[in-house]
Amino acid sequence: MVFSWVNRVKKKVLCNCSAGCNHRIQFCQRSADPVVFHYCRTSLVVVTRNEEFPGHSTFVVAFLHIRCSLIRFTSCVAFGGVVLFEKPQFSGQAYEIYRDMPDATSLQLSPFISVKVVRGCWMLYEKPDFQGRTIALEEANMELANDWAEPQVGTEPHNSPPMVIGSIRLAVRDYSIPHIDLFTEPEGHGRVTPYHDDTIETGSFGIPLSTASIQVHSGVWLLFSDPGFEGMVSVLETGVYPFPETWGFPSPFVGSLRPLKMVCITAVLYEKPGFEGSCMEVDGEIFSFCESEGDVPADLDTMKLKSVSSLKIIGGFWVGYSESGFEGQQHILEEGEYLECSDWGGSELLSLRPILSDFMSPHLKMFSDRDFGELGMNIDLSVPVINMDETGYGMKTQSIDVGGGVWVVFEEPGFYGEPYVLEKGLYGSPEDWGALQHRVGSTMPVILVFLLCVPQVQLFSDPGFKGSVLTLEDNVTSLQDGFSVASCKVLAGSWMAFEGQDFTCRMYVLEVGNYPDLRSMGCVSTSSSILSLQTIGFEFSLPSITLFERCGLRGKRVVLKDGSVNLQLAGGCGRVQSVPVWLSSQVLDWRKHSNWQKIGSLRPLLQKQVHFRLRNRQTGLMMSVTGDLDDVKLLRIQETEEADGLEQIWFYQNGRLHCKLLEECCLSPSGSVTIAGSRVGLTPDPDDQIHLWSITPEGFIRYVLNPDLVLEVKGGHLYDKNQVILNTPDASKLQQRWDVEII
C-alpha cells in the first residue's frame, strides 16, 4: 500500500456521494477526494468498507506509527467497473456493473455479447449466487459467444438461445501479488511448487508437472492442461483444491498457468475543476500544456489543454509539475480522482509524467557534500526513514545517488513538507531534484506490488495507436486473417517482428516503448507488413560478440563487449562476414544470413532486471544463503527446501549474482585459490571484476574467470552434502544444472 504525505490546511471532509450524507470518510464511487486527519496519537487505525456506507465501492486499511502531522490518504484499491453490451460491436442495451451481482439473470442479452472491462478482473458465473461454470474477464474489450448453451445439431450460431449470466463478481481489484501452490500429492502433500506469474510450461521437455492438489493463496488463476496455455482450462479462485477432480481435470497434470491481471497506466485530464471543460486521456508524459513559443511546436494533441485543474488517475503512479518541462513544485498522483487543484495540494499542472522506472530493489545513498563528496557524511538506505536527524546523519543533504527503485524525499521529518520524486540516477545538487534548499528530513521508497514481467505487446490496425487492438503475450507464428499492424506498444519484454509467417523474412527488434507507425519500428517502406512475432527470452551473461572479416569464422577478428555507433571507426572491421555470439549461436556467412553488405552499428539488447529462484534439477531444492548475517564471511551457499524468505531470491546485475537478502553482496568463490572443489559464498565487494558469472541455456552457472568451473551441489552423505561448490562441468551430472524460475 502506497501513501503520499503533503502539507495541507486541516479541514472537515464530508462525503458527497448522496444528498444529506455526512460521513467524514470520503471514499465514494464517483468522488475520491482524499481524507485528511489531524491526530496526536502515536498510532492510528482506519478501516472503512463499502458495506458500511452505501454508494461506496472501496476500502482502505492503514496502521501508522507516525508523529503528529497532517496526512493525506488516497485509496490504493481501485474502483471496479465492467460494461456488458446486449449485442456485438458494443451495441444495444448497455449494463454498467460496479459491484458484485448475486443474481444477474434479469439482464437481457443476445447470443453474442460484447464486454468492456474498465477496471479490475471479473468473473461471470453460469448460475446465480456465484455457482456453475465461469468466464474470466481481464481489463480489455472483447466479444463473447454463448458457450454455456447446449449445442444443437443444425442450428446456426446466430440462432442460438440468448446468453444468460447467472451472477457477476469482481475477482481481482488491486495489484497484490498472485500466489498459487501446486503439490505433487493429494491434499497438500508432497513437493510444493509456488507460482506468482505467467508460466508457459510448468514441466520440462514437454512433460507437464504432476499436480495432485492445489492451494490458491491470492488472485484468480487460469490453469491449462497443456503447455503454451493450450488444452483444457480451469478457473481457480482463492481456496484449497485437494484432488484434480475439484478443478475439473481428468488427470493430475497442469501444463501451464497464469493469473488474471490488471494492466493500466492511464490518466484523464480536465482543463477546469470538477471534471469540466476540455479533456484528454493520456498514457505517457506531457512535457508542456502551454502554447509553444516561437517555432517550437507544443506536444501533440495538447493544444486543446492549456493546463490541468482536475484529473482522474485510472492507473499507475504519476507526478505532476507546476511548471512546464517537469519543473517547479512536484505533486504525487496515485490512483483516484482529483476534483480540484487543492486535492493534490497545489496549483494547476503545466506538465505531467508517469513513473515507469523499476520499483524493485530500492537503494539510496545520501551525501552531505555536493557531487557525492566522500569527505562529508553519507548514509545508505533501503527502507523508509521517518526522521533523518535520529539516524546520526542529520538533515543536510546536498547530493543523492539513487541506486535502485523510486524514492520520495521530504524536507521535514514525518514525511512532511515539500516532496520530491527521485528515480534511479545521480543528483549532484538539490537543484537536480528540484529543491531550493539542502534539507531532507525523511524519505521512503515507493513500493508497487504489481510488476509486469511477462512479455506483452499491443498491436494496432491504424497508425497512432488507433483502430482495432490485438494484445500478445507469447509467440505468434501467423497473425489472424485481416489484421494488419500499423502501430504498436511494447509494454514488457523485447520482441522480434517478422514480415513473413513462421518468423521468416525481414526482422525488426522492438524493445519496451511506443511505435506510432511502421517506420518507427524500422520498416523501410510503408507497404511493409508484420505477419509474425516472437519474444526474446532473458539472458544471464555479459554481452560479448566476435566479428570476423571472412566466412567460416576466419580472418581478422574484432571482439566487442558493448555497443558501437560506428563499427568501422571503433574496430576497423568494415567487412564482417561471420559472427559467433558467445554462449548463444554463430553465423558462418553473414551476407547470406542477412542480405546485408556490411554492419554499420550494433548494440546488445536492453533487459529489465528480474528476480528469480535457482532450483537444482537433481534434488529440486533451492540455492539459498545460510548462516549468521552478522559475519558475511561465515555465510554459506547451500541448497535447502523451498521457503518464502529472501535468502532464496536472486538477481543478475552486470555479470554478478546478488541475493535479495544482502543486495550489496554478490556470489563469489571462497578462499584465495579457486579450483575444483572450492566452496562459494558472498563477498561485500561487488566492484571487484573477478566475481562474474553466467547462466547458460543448458542450466550451467559458469565462473567467468574460469569457464571450466560451474556450480554444483556437493552431494554424498557427509554433513556438507548440501554445500554448493565449484567443479568441472559434466553434462551427465544433474546436480550441476539449475532451473531459473522468474518471480
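Preceding this section is the structure that the text describes.
The rules behind each value
Throughout, residues of each chain are indexed from 1 in the direction in which the sequence is written. Restriction of local features to residues with pLDDT of at least 70 applies here, the model being predicted, together with a cutoff of 80 or more for giving and counting side-chain atom pairs; totals for whole chains, interfaces and linings are based on all residues. Remark: hydrogens and water are excluded; side-chain values derive from all non-hydrogen atoms of the structure. Only Phe, Tyr and Trp rings are paired, with Trp represented by its six-membered ring, and only when their centres lie within 6.5 Å; those with planes under 30 degrees apart are stacked, over 60 edge-to-face, the remainder tilted. Think of it in three bands: with a 1.4 Å probe and only protein chains considered, a residue is buried below 20% of the maximum accessible area for its type, exposed above 50%, and partly exposed in between. Any Lys NZ or Arg CZ found within 6 Å of a ring centre and within 35 degrees of that ring's normal is scored as a charge over the ring. To form a nonpolar core, buried Ala, Val, Leu, Ile, Met, Phe, Trp, Tyr and Cys residues must be joined to one another through side-chain atoms within 4.5 Å. Here a strand is any run of E in DSSP of at least two residues, a helix any run of H or I of at least four, and the numbering for each starts at the N terminus. In this description, contact between two residues means that some pair of their heavy atoms is separated by no more than 4.5 Å. At least two bridges found by DSSP between two strands is the condition for calling them paired. A fitted line through C-alpha atoms represents every axis, and for helices the fit uses only the stretch in contact; the resulting angles, taken between N-to-C directions, go from 0 to 180 degrees.

Enquirer: Explanation requested: the packing of aromatic side chains in the structure shown.
Expert: When we look at a pair of aromatic rings, we describe it by the centre distance and by the angle of the planes. In the structure shown here, the tally under the stated rule is 15 aromatic pairs. Relative to W344, the ring of Y338 lies with its centre 6.3 Å away and its plane at 55°, an arrangement referred to as tilted. The same class applies to Y338 and to W344, which are both buried. An aromatic cluster is built from F538, F540, F612 and Y652, whose rings are joined through pairwise contacts. The positively charged end of K116 is found above the aromatic ring belonging to F90, 5.0 Å away from the centroid. Note that R702 overlies the ring of F700, its terminal NZ or CZ placed 5.7 Å from the centroid.

Enquirer: Would you mind showing me how to read the nonpolar core here?
Expert: Generally speaking, soluble globular proteins have nonpolar side chains that are buried together. By size, the foremost hydrophobic cluster in this structure holds 27 residues, and its most contacted members are I637, W650, L657, W693, I701 and L711. For this core, the element with the highest residue contribution is strand β55 (residues 706–713), accounting for 3 residues. Excluding residues within four positions of it along the chain, L657 makes contact with F612, W650, F651, Y652, C665, C666, L667, W693, I695 and I701. In terms of nonpolar packing, the next biggest core, distinct from the first, is built from 21 residues, L107, L124, W148 and M163 among them.

Enquirer: Please clarify how the sheet that holds strand β9 (residues 131–137) should be interpreted in this entry.
Expert: Backbone hydrogen bonds are what pair the strands of a sheet, in a parallel or an antiparallel way. With antiparallel pairing, the 3 strands of this open sheet are ordered in space as β9-β8-β11. Here the strands that pair on one side only, and so sit at the sheet edges, are β9 and β11 (167–172). With direction set aside, neighbouring strand axes in the sheet form an average angle of 30°. Of the strand pairs in this sheet, strand β8 (residues 121–127) and β9 are connected by 5 bridges, and their pairing is antiparallel. Pairing of K127 across the sheet is with Q131, part of β9.

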